[in-house]
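# Working through the structure, step by step
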2 protein chains.
Amino acid sequence: MKPTFSLRLRVFNLNCWGIPYLSRHRADRVKRLGDFLNMESFDLALLEEVWSEQDFQYLRHKLLPTYPAAHYFRSGIIGSGLCVFSKHPIQEFTQHVFTLNGYPYMIHHGDWFCGKAVGLLVLHLSGLVLNAYVTHLHAEYNRQKDIYLSHRVAQAWELAQFIHHTSKKADVVLLCGDLNLHPKDLGFRLLKECTGLHDAYLETRDFKGPEEGCTMVPENCYVSQQELEQFPLGIRIDYVLYKVVSGLHISCKTLRTTTGRDPHSGTPLSDHEALMATLCVRHSPPQQNPSPTHGPTERSPLISVLREAWTELDQGMAQARWWATIAGYVIGLGLLLLALLCVLAAGGGVREVAILLWTPNVGLVLGVGAFYLFHMQEAKGLCRARAELQHVLGRAREAQNLGPESQPALFLGQQEGDRAEEQ
Amino acid sequence: MKPTFSLRLRVFNLNCWGIPYLSRHRADRVKRLGDFLNMESFDLALLEEVWSEQDFQYLRHKLLPTYPAAHYFRSGIIGSGLCVFSKHPIQEFTQHVFTLNGYPYMIHHGDWFCGKAVGLLVLHLSGLVLNAYVTHLHAEYNRQKDIYLSHRVAQAWELAQFIHHTSKKADVVLLCGDLNLHPKDLGFRLLKECTGLHDAYLETRDFKGPEEGCTMVPENCYVSQQELEQFPLGIRIDYVLYKVVSGLHISCKTLRTTTGRDPHSGTPLSDHEALMATLCVRHSPPQQNPSPTHGPTERSPLISVLREAWTELDQGMAQARWWATIAGYVIGLGLLLLALLCVLAAGGGVREVAILLWTPNVGLVLGVGAFYLFHMQEAKGLCRARAELQHVLGRAREAQNLGPESQPALFLGQQEGDRAEEQ
């Protein structure tokens, strides 16, 4: 059993909007962010959308005296955009790149090229093991007709799985990031139900920031007003989430959010608002632990959200297979056309036209071939997530039917159960 | 502390060589494999190169009475080829797809299309948590000039990291698979040093199989004799590796390997030999635990292998950047040529030739563009692995300098240390 103690953790999270050449006042904002982080001296600063490694290196140099440990998570072609600065030594770090992350031919959206991921840091603080995760999920470009919905649900699922499998020895789990999910969205509910994480905004009694905790607000001069047309107050898509094992108690003492302006003066630090949370962890007898135990009556929301996610992934799979089939037909037609052009070039009177059309047609077949392979891969990725989800759903149902006496250790809450046994 | 008990685990591993249309006698071999697995009734059968999901479904149906639990790990375009059959219920499963896995334009090698991965199963047996991993690393096509070496080293590193981060609550860790690494290869030494896994072939006192434990032997009629030209006895690239936490003792009672023939009659089951291990786990007081504790004197091999791997990844990174630079120049030239062709087409006397060359040139620029992006991604992936490795190397050096009294918890052996504290 851990001795009685108290741990205070000050955490900073910001999606920095650091797209080289595209994001306005980037250099100035990065400079001011560095000044702010140095002044505030948080325990952990977790940043997203630091797309330029030069920006990270600049911050690393600037923050070195206050935050001696730092890491940039590299992935994809551009990078994950994720990085961390820590006042305390980082014991270990690793990352998981999401299997599904948009489409390579949607170049104007660009997510596919980034290699969106979740980064993990392991820290040892006051004798406790803290697993801190930072992530950034696929953006939402059109809420009414969201072609990336199944990808984002699959990412939320992989995120939950990654946290579950890598945090089994952690005393404190912290997840920060831009989830690109509203609080009631399927992906967010799935993540919360599957991990048992608490939302700092909902848990704290001392919140200061925009109404409803919004992290993209119309007051911010960098935010496109058109995007927030349907949400006059703004949207909440950036989060600080946490949980502890049985025998510990965690609370969010304060949560502060910037309000569309620089914390001190000038333009905002980003198009997103920064989250600043003060978390307190203290010893607590296991029976008094308010963390969710997910008894059978509480498991229904899990089963219901798993079912909903299963349906979404299944629809995504059908869609991916449909695209692959269409591509297959186009490839067949292209090959037929190629054969016809060969015949025409060999003898007919339209030899020049045939030769002229041959190369674009080869290009078409190759391009559609790549499209076909991509959607086959997409279908496989969604099928994998659906199979994993189905397994957990089956076990959740089993556990519900068996009742509390004979519940097997489940995906959910297993960590808490195991810890309770040890203590 | 776990009570005194004994657990006997019979494990089967085989690379099935199940390439549709290409692997000889596939259907017959899969059928005989099913019969054999049913007859032997292992606790766990871990298979690689089951490329066709139909083969998996056939085996699943056939093995259902003996192995009620099964899972196929889907990834990439073709699939990971990995699947498992278990006599005991599978509590959880997940997978990690390797970041680097060859080149898409090496179509004749095909590894890139497979999405090579490591699959994880969590089983609860006799009150113990067993994490069983199955994997298949990138093939080696030319040992003298191995263009995939840095990718395979990066895969071995990711494999070690995945095992480390996901097995922190496991009592028993088992890794089976075709590593495509010889016992003295850098990747294998890296994996062993970083995870502390034991090699069943080296540990057992009762081994029956080909000399030196080879798992690809010239006696096997499916093996290309040319490939084994330099290795008259064959090569050992398939493994059963294991470890337990402090307080437990594991031993490999027997290890059997097929010898290039069907275990009973007819042609062999595959071009690889099957491994059949009987493992015994029993309670053992922590002080008598022979598992490696990786004290400072024992850490030098770790530091040395980490250094070697760092150099290999660094060279791979330089190579990837070199290719990206070359591609950059070709793209520049292609764009210049495109501009020139536009000028010629607009006015010159060679208008037809210019128009004819325009489309292939666009194709060239796009193709080399994809090549450029791919190698940028490769460089990023290698850079990521190198950064992770460097962090562990730094901490290993620190630990060595500080001596045994003040060693911080390290990447390696942390699990053992933590467990010892708990017990």
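Residues numbered from 1 in each chain as written. Chains lettered and ligands numbered in written order. Predicted model: local features only at pLDDT ≥ 70, side-chain atom pairs only at ≥ 80, totals over all residues. Heavy atoms only, no water.

Take the pairing of strand 3 (residues 69-73) of chain A next. Burial runs high along strand 3 of chain A: 5 of the 5 residues are buried. Across the two faces of strand 3 of chain A the burial is the same, with Ala69, His71 and Phe73 of chain A and Ala70 and Tyr72 of chain A all buried. (Buried < 20%, exposed > 50% of the residue type's maximum accessible area, 1.4 Å probe, protein only. Helix = DSSP H or I, 4+ residues; strand = E, 2+ residues; numbered from the N terminus.)

Before going further, it helps to spend a moment on the sheet that holds strand 7 (residues 128-136) of chain A. Backbone-to-backbone hydrogen bonds pair the strands of a sheet. The strands run either parallel or antiparallel. The strand order across the open sheet formed by 6 strands is 5-6-7-8-11-9 (chain A), and the pairing between neighbours is mixed. The two strands at the open ends of the sheet, each matched to only one other strand, are strand 5 (92-97) and strand 9 (198-199) of chain A. Pairing geometry for strand 9 of chain A and strand 11 (residues 238-244) of chain A, over 2 bridges, is antiparallel. In the strand pairing of strand 11 of chain A, His198 of chain A is matched with Tyr242 of chain A. Of the strands in this sheet, strand 5 and strand 6 (117-125) of chain A are in contact with helix 4 (residues 149-166) of chain B, which crosses strand 5 of chain A at around 110 degrees. (Pairing = 2+ DSSP bridges. Contact = heavy atoms within 4.5 Å. Axes fitted to C-alpha atoms, helices over the stretch in contact; angles between N-to-C directions.)

Turning next to the interface of chain A and chain B. Between chain A and chain B, the residue contacts involve 46 residues of the former and 46 residues of the latter. Buried area between chain A and chain B, summed over both chains or domains, comes out near 4,100 Å², and the portion from carbon and sulfur atoms is 57%. Counting the contacts that link chain A with chain B gives 2 salt bridges. For Glu92 of chain B, the salt bridge is made with Lys168 of chain A, and the minimal N-O distance between the two is 3.0 Å. Where chain A meets chain B, there are 18 residue pairs in polar contact (both at pLDDT 80 or more). At the level of secondary structure, the elements contributing two or more residues to the side of chain A that touches chain B comprise strand 5, strand 6, helix 4 (149-166), helix 8 (351-402) and helix 9 (414-422) of chain A. The residue makeup of the side of chain A that touches chain B, split by class, is 17 nonpolar, 17 polar and 12 charged. (Buried area = accessible area lost by both parts, 1.4 Å probe. Salt bridge = Lys/Arg side-chain N within 4 Å of Asp/Glu carboxyl O. Polar contact = N/O pair within 3.5 Å; in protein donor to acceptor, adjacent residues only side chain to side chain. Nonpolar A, V, L, I, M, F, W, Y, C, P; charged D, E, K, R; others polar.)

The subject of this paragraph is the relation of the copies chain A and chain B. Overlaying chain A with chain B gives an RMSD of 0.1 Å, the required rotation being 180 degrees about an axis along which the chain moves by 0.0 Å. The superposition operator between the copies reduces to a two-fold rotation axis. For chain A, the residue whose C-alpha comes nearest the rotation axis is Thr166 of chain A, separated from it by 2.4 Å. Mapped onto chain B, 98% of the interface residues of chain A again fall at the interface, so both copies present the same surface. (Least-squares fit on C-alpha atoms with pLDDT ≥ 70 in both.)

Of all hydrophobic cores here, the largest spans 42 residues; its most connected members are Leu159, Leu179 and Leu306 of chain A. When residues of this core are traced back to their parent elements, those giving at least two are strand 6, strand 7, helix 4, strand 8 (172-178), helix 5 (186-195), strand 11, helix 7 (296-347) and helix 8 of chain A. The contacts of Leu159 of chain A, once residues within four sequence positions are left out, are Phe98, Val118, Thr135, Leu137, Leu175, Leu179 and Leu191 of chain A. Counting residues in each nonpolar core, the second largest holds 41 residues, with Leu137, Leu175, Leu306 and Ala385 of chain B among its members. (Core = buried A, V, L, I, M, F, W, Y, C linked by side-chain atoms within 4.5 Å.)

Residue and element names in this part refer to chain A. The 7 strands lie next to each other as 3-4-2-1-13-12-10, forming an open sheet whose pairing is mixed. Two strands close off the open sheet at either side, each with one partner strand: strand 3 and strand 10 (207-208). Relative to strand 12 (residues 248-257), strand 10 is paired through 2 bridges, and the arrangement is parallel. Looking at the pairing, Phe207 lines up with Leu255 of strand 12. Along the sheet, helix 2 (residues 53-63) contacts strand 1 (6-18), strand 2 (44-50), strand 3 and strand 4 (82-86); its crossing angle with strand 4, the most-contacted strand, is approximately 5 degrees.

On to the confidence of the model for chain A, then. Residue and element names in this part refer to chain A. In the predicted model, chain A carries a mean pLDDT of 88, and the fraction of residues at 70 or more is 89%. A low-confidence stretch, residues 288-297 stays under pLDDT 50, and its non-local contacts, those more than four residues away or across chains, total 19 contacts. Confidence drops under a pLDDT of 50 for residues 405-423, and excluding neighbours within four residues, the segment shows 56 contacts in the predicted structure. Across the predicted assembly, pTM comes out at 0.90 and ipTM at 0.88. (pLDDT = per-residue confidence, 0-100.)

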